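# Descriptive analysis of the structure
Residues per chain, in single letters:
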Number of protein chains: 2
Amino acid sequence: MSKITAKFYHAGCPVCLEAEAAVTGYLDRSKVDLEVVHLGTAKNRLAEAETAGVKSVPALVLGAQTLHLNFGAALSALK
Amino acid sequence: MSKITAKFYHAGCPVCLEAEAAVTGYLDRSKVDLEVVHLGTAKNRLAEAETAGVKSVPALVLGAQTLHLNFGAALSALK
């Protein structure tokens, strides 16, 4: 089985860090290739996150699906 | 390593079903014992979800952590 790609977008906020622990700890790595992206520092990745439908962080883009995990900060606040 | 317990609460809504597919498909079952709870039919589980901090569905209670995955319906709408 080929792996799907996942991107976890965050901004270092407390809510982000909690969600990151869950994602990095419990996502099945035999099925998922995970990249963690800090949008506060990697502002060049904001457009890509927006295109994937990310409205706020923390968010996990899992293949074609975008999941917002609780609410830390609006994407617009990171621009 | 002992497994942690996870409960995925939903109400059968489209947003819930999408999130359920992600959770059941990509959560690492070697680390997590997952139970799926439909709060629309199992109304006797509403109090337990509320105590865990669930405000809306779909939500995943992963050990001590509560993660709201996007927004389908407020818990109050299910009572």
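Residues numbered from 1 in each chain as written. Chains lettered and ligands numbered in written order. Predicted model: local features only at pLDDT ≥ 70, side-chain atom pairs only at ≥ 80, totals over all residues.

## Let's talk about the overall build of chain A
Regarding its fold elements, chain A presents two helices and four strands. Ordered by position in the sequence, the α and β elements of chain A form the string β-α-β-α-β-β. At 12 Å, chain A has a C-alpha radius of gyration in line with the 12 Å of a compact globule built from 79 residues. Once the C-alpha set of chain A is aligned to its principal axes, its extents read approximately 40 × 25 × 20 Å. (Helix = DSSP H or I, 4+ residues; strand = E, 2+ residues; numbered from the N terminus. Rg over C-alpha atoms; globule rule 2.2 N^0.38 Å.)

## A word on the relation of the copies chain A and chain B
For the match of chain A to chain B, the screw axis carries a shift of 0.0 Å, the RMSD comes to 0.0 Å, and the turn is 180 degrees. In symmetry terms, the pair is related by a two-fold rotation axis. Taking C-alpha positions as reference, the residue of chain A nearest the rotation axis is Asp-28 of chain A, located at 2.0 Å. A shared binding surface is used by both copies, with 100% of the interface residues of chain A retained as interface residues in chain B. (Least-squares fit on C-alpha atoms with pLDDT ≥ 70 in both. Contact = placed C-beta atoms within 7 Å.)

## Concerning helix α1 (residues 14-26) of chain A
Residues and elements named next belong to chain A. Between its first and last C-alpha, α1 extends 19 Å over 13 residues, near the 18 Å set by a 1.5 Å rise per residue. Regarding α1, the residues found buried are Cys-16, Ala-19, Ala-22, Val-23 and Tyr-26. Across the axial projection of α1, the buried residues extend over an arc of 135 degrees, all falling on one side. Turned more than 90 degrees away from the buried face of α1 sit Pro-14, Ala-21 and Thr-24, all of them exposed. (Expected span 1.5 Å × (residues − 1). Buried ≥ 20, exposed ≤ 12 C-beta atoms within 10 Å, placed from the backbone. Arc of directions from axis to C-beta.)

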